[in-house]
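Structural description and commentary
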Amino acid sequence: MTVTIEQAGLMLADPLSYTDEERLHQGLALLRREAPVHFVQAPGFQPFYAVTRQVHVREVEADGALWLSEPRPALAPAASERAKTGSRVRTLVNMDDPDHRVIRAIGADWFRPKAMRMLESRVRELAREYVDRMAGLGGECDFATDVAVHYPLSVILSLLGLPESDYPRMLQLTRELFGAQDAELGRDGGKDNRMAVLLDFFAYFQELTAARRARPTDDLASAIANALVDGQPLNDVETMSYYVIIATAGHDTTSSTIAGGLQALLQNPGEMARLREDPALMPAAADEMIRWVTPVKEFMRTASADTVLGGVPIAKGESVLLSYPSANRDEDVFADPFTFDVGRDPNRHLAFGFGAHYCLGAALARIEIRALFAELLPRLESIEPAGFPEWTATTFVGGLKHLPVRYKLRADKQR
Ligand code: HEM
């Protein structure tokens, strides 16, 4: 069934449209071609312009003075925007300069190459642990829920310095937050109850802050709890918001990429064989998985002055939705954008965004994805689908929530 421009625009506000990738990409390709800056009035949402070409996404993200993250950093139902339910939480993605620069700097050291190199051996250890766990599952598992979901969370919680006994609680809260619109993952059957979930995060992190202020340790949680801005510690909301962005941004994004990356290899056995034969392709392959999956579906910006984007006049106060999945299939940027190519080079994808808000965890995400596949692929004797994959219903962050596979895996990696 063909999609009209009108329908394609509305898809961006419909969580279910992200569960049917073929139709979604049909709509996005149409928008790129016919209406790359397209006005969308979706029922239940404040209007926005859908921005689908990479050149325009870059243009918006490069100018943080004209295009602000506040007050509308991502798509949310109009009712919750009016009620300002999110106003207590102010994470990095909500902020503009000068606050953004100052607050981002607090955590930035923990994501620099030196810190990443130190974390790398822990990441490899965790990758091995999860592949061992997969080997122990008896030849069949749901790769998304049994492996992909747990591993990145363990990495993030190691970085924060949280005890392993708290992992299940964090896993549940993160999934409830990002899966808020999904009937299976969200709290109360997907009624988009994000505020209740955030309050639970707050309660947990309040205790953590008190503990790290009383007894600082060498981890990111202590850096946040004890950070000073103009000589003052962050207030409660600022501290909580920081933990929430780290715990959440680093999790579902990476797990969706890992599950979607395996799915792409299963659908392209030639690419799987190529990567196994030439492990030096792993960095390129990881980036291709990130482009292919594009787990962050959108962020938004609001014009601080009247302007024109792609020939379309946009008034001060109007918002644009930056469609990363579309920017990452842009025919003007990629040769054969719908081909999964583990050796793709160059690969100028925008899955990590661009400009001042460029993903703080990009280096970590790459390390994690490479480490998992570097551990898994040499140990695989065979792997095949064992049922239907299922996608998360979301307009924001997600990907495969189920990926049943059948496999033969050596217990020990042969070196
Ligand atoms: C494949 C995995 C990931 C993808 C695709 C991804 C994608 C993104 C995107 C699109 C943004 C917004 C960029 C923009 O507005 O221009 C972002 C921001 C952010 N990401 Fe990631 N991310 C991933 C993994 C991670 C990890 C592992 C962490 C680690 C904690 C992380 C932490 C953050 C933070 C803190 C921000 C906010 C940065 C800011 O606003 O200044 N992300 N990410």
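Here goes a summary of the coordinates provided.

Rules and cut-offs
- Residues numbered from 1 in each chain as written.
- Predicted model: local features only at pLDDT ≥ 70, side-chain atom pairs only at ≥ 80, totals over all residues.
- Heavy atoms only, no water.
- Helix = DSSP H or I, 4+ residues; strand = E, 2+ residues; numbered from the N terminus.
- Rg over C-alpha atoms; globule rule 2.2 N^0.38 Å.
- Buried < 20%, exposed > 50% of the residue type's maximum accessible area, 1.4 Å probe, protein only.
- Areas by Shrake-Rupley, 256 points an atom, 1.4 Å probe, with all protein chains shown as cover.
- Lys, Arg positive; Asp, Glu negative; His and termini not counted.
- Charge placed at Lys NZ, Arg CZ, Asp CG, Glu CD.
- Phe/Tyr/Trp six-rings, centres within 6.5 Å; stacked < 30°, edge-to-face > 60°.
- Lys NZ or Arg CZ within 6 Å of the ring centre and 35° of its normal.
- Near = heavy atom within 4 Å.
- Polar contact = N/O pair within 3.5 Å; in protein donor to acceptor, adjacent residues only side chain to side chain.
- Nonpolar A, V, L, I, M, F, W, Y, C, P; charged D, E, K, R; others polar.
- Donors = N, O, S within 2.8 Å, 3.2 Å for Na, K, Ca; no water.
- Pairing = 2+ DSSP bridges.
- Axes fitted to C-alpha atoms, helices over the stretch in contact; angles between N-to-C directions.
- Contact = heavy atoms within 4.5 Å.
- Arc of directions from axis to C-beta.
- Core = buried A, V, L, I, M, F, W, Y, C linked by side-chain atoms within 4.5 Å.
- Salt bridge = Lys/Arg side-chain N within 4 Å of Asp/Glu carboxyl O.

**Concerning the overall build of the chain**
Helices and strands together make up the secondary structure of the chain, namely 17 helices and 14 strands. For the chain, whose C-alpha radius of gyration is 21 Å, the value lies close to the compact-globule estimate of 22 Å for 415 residues. Overall size of the chain, expressed as C-alpha extent along the three principal axes, is 60 × 60 × 40 Å. Out of the 415 residues belonging to the chain, those deemed buried represent 54%. Summed over all atoms, the accessible surface of the chain reaches about 17,700 Å², with 53% contributed by carbon and sulfur. Between the mean site of the 45 positive side-chain charges and the mean site of the 57 negative ones, the chain shows a separation of 3 Å.

**Brief notes about the packing of aromatic side chains**
The tally for this structure, following the rule as stated, stands at eight aromatic pairs. Taken together, a centroid distance of 5.0 Å and an interplanar angle of 55 degrees make the contact between Phe-39 and Tyr-49 tilted. Taken together, the residues span a long stretch of sequence, with Phe-39 in strand β1 (residues 37-40) and Tyr-49 in strand β2 (residues 48-51) at a distance of 10 residues. Aromatic side chains Tyr-130 and Tyr-151 sit 5.9 Å apart centroid to centroid with 65 degrees between the ring planes, which places their arrangement in the edge-to-face category. Highlighted residues: Tyr-130 in helix α6 (residues 113-135) and Tyr-151 in helix α8 (residues 150-160), separated in sequence by 21 residues. Taken together, the ring pairs in this structure connect Phe-201, Tyr-204, Phe-205 and Tyr-243 into an aromatic cluster. Across the ring face of Phe-354, the terminal group of Arg-58 is positioned such that the distance to the ring centre comes to 4.9 Å. Sitting above the plane of the Trp-292 ring, Arg-329 keeps its charged end 4.4 Å from the centroid.

**Focus on the site of the ligand**
Residues in close proximity to the ligand total 29 residues, the closest being Glu-61, His-100, Arg-104, His-357 and Cys-359. His-357 is positioned with one of its side-chain polar atoms (N or O) 2.7 Å from an oxygen atom of the ligand. Contributions of two or more residues to the shell around the ligand are made by α5 (99-108), α12 (236-249), α13 (252-267) and β7 (298-303). Taken together, the residues of the shell around the ligand break down into 18 nonpolar, eight polar and three charged.

**What about the coordination of the iron atom of the ligand?**
Exactly one protein atom donates to the iron atom of the ligand; that atom is Cys-359 (SG), 2.3 Å from the metal. If you trace the backbone, Cys-359 turns up in the loop between α16 (324-327) and α17 (362-379).

**Details of the sheet that holds strand β4 (residues 140-142)**
The three strands are arranged β4-β14-β11 in an open sheet whose pairing can be described as antiparallel. On the outer flanks of this sheet lie β4 and β11 (380-385), each paired with one strand and no other. If you compare each strand with its neighbour and ignore which way they point, the axes differ by 30 degrees on average. With three bridges joining them, β4 and strand β14 (residues 404-409) adopt antiparallel strand pairing. In the strand pairing of β14, Asp-142 is matched with Pro-404. Running at roughly 90 degrees to β11, α13 makes contact with β11 and β14 of the sheet.

**Side note on helix α14 (residues 269-277)**
For α14, the full list of buried residues reads Glu-271, Met-272 and Leu-275. Looking straight down α14, one finds its buried side chains confined to an arc of 105 degrees; they lie on one side. Seen from the buried face of α14, the exposed residues on the opposite side, beyond 90 degrees, are Pro-269 and Glu-277. Of the surrounding elements, those touching the buried residues of α14 are α13, α15 (282-293), α17 and β11.

**Details of the environment of Leu-126**
Tracing the sequence through the fold places Leu-126 in helix α6. Sequence separation between Leu-126 and Leu-372 is 246 residues, and the spatial gap between their C-alpha atoms is 8.6 Å.

**Description of the nonpolar core**
The nonpolar side chains of soluble globular proteins are, as a tendency, buried together. Grouped together as the largest cluster of nonpolar side chains are 91 residues, with contacts concentrated most on Phe-143, Tyr-151, Leu-160, Phe-201, Phe-205 and Phe-373. Among all residues touching Leu-160, those that are not within four sequence positions of it are Arg-212, Asp-219, Leu-220, Ala-221, Ile-224, Tyr-243, Ile-246 and Ala-247. Val-57, Leu-66, Leu-309 and Phe-396 belong to the second-largest nonpolar core, a separate cluster that totals 20 residues.

**Notes on the pattern of salt bridges**
For the coordinates displayed, the defined rule picks out 21 salt bridges. Between Arg-366 and Asp-287 there is a salt bridge, with its nearest N and O atoms 2.8 Å apart. Here Arg-366, found in helix α17, pairs with Asp-287, found in helix α15; they are 79 residues apart in sequence, far enough to count as distant. In this structure Arg-366 comes out as partly exposed when scored by relative accessible area, which is 21%. Given a relative accessible area of 11%, Asp-287 falls into the buried group. The closest approach of N and O atoms between Arg-410 and Glu-381, which form a salt bridge, is 3.6 Å. In this pair, Arg-410 sits in the segment after β14 while Glu-381 sits in strand β11, placing the two residues 29 residues apart along the sequence.

**What to know about the pairing of β2**
Taking every second residue as pointing to the same face, both faces of β2 are buried, with Phe-48 and Ala-50 on one and Tyr-49 and Val-51 on the other. As judged from the four bridges shared by β1 and β2, these two strands associate in the antiparallel manner. For Phe-39, the partnering residue across the bridge sits in β2 and is Tyr-49. Note: β2 against strand β10 (residues 319-323), three bridges, orientation parallel. The residue bridging Val-51 from the neighbouring strand is Leu-322, located in β10.

The values reported here are purely geometric and, on their own, carry no functional implication.
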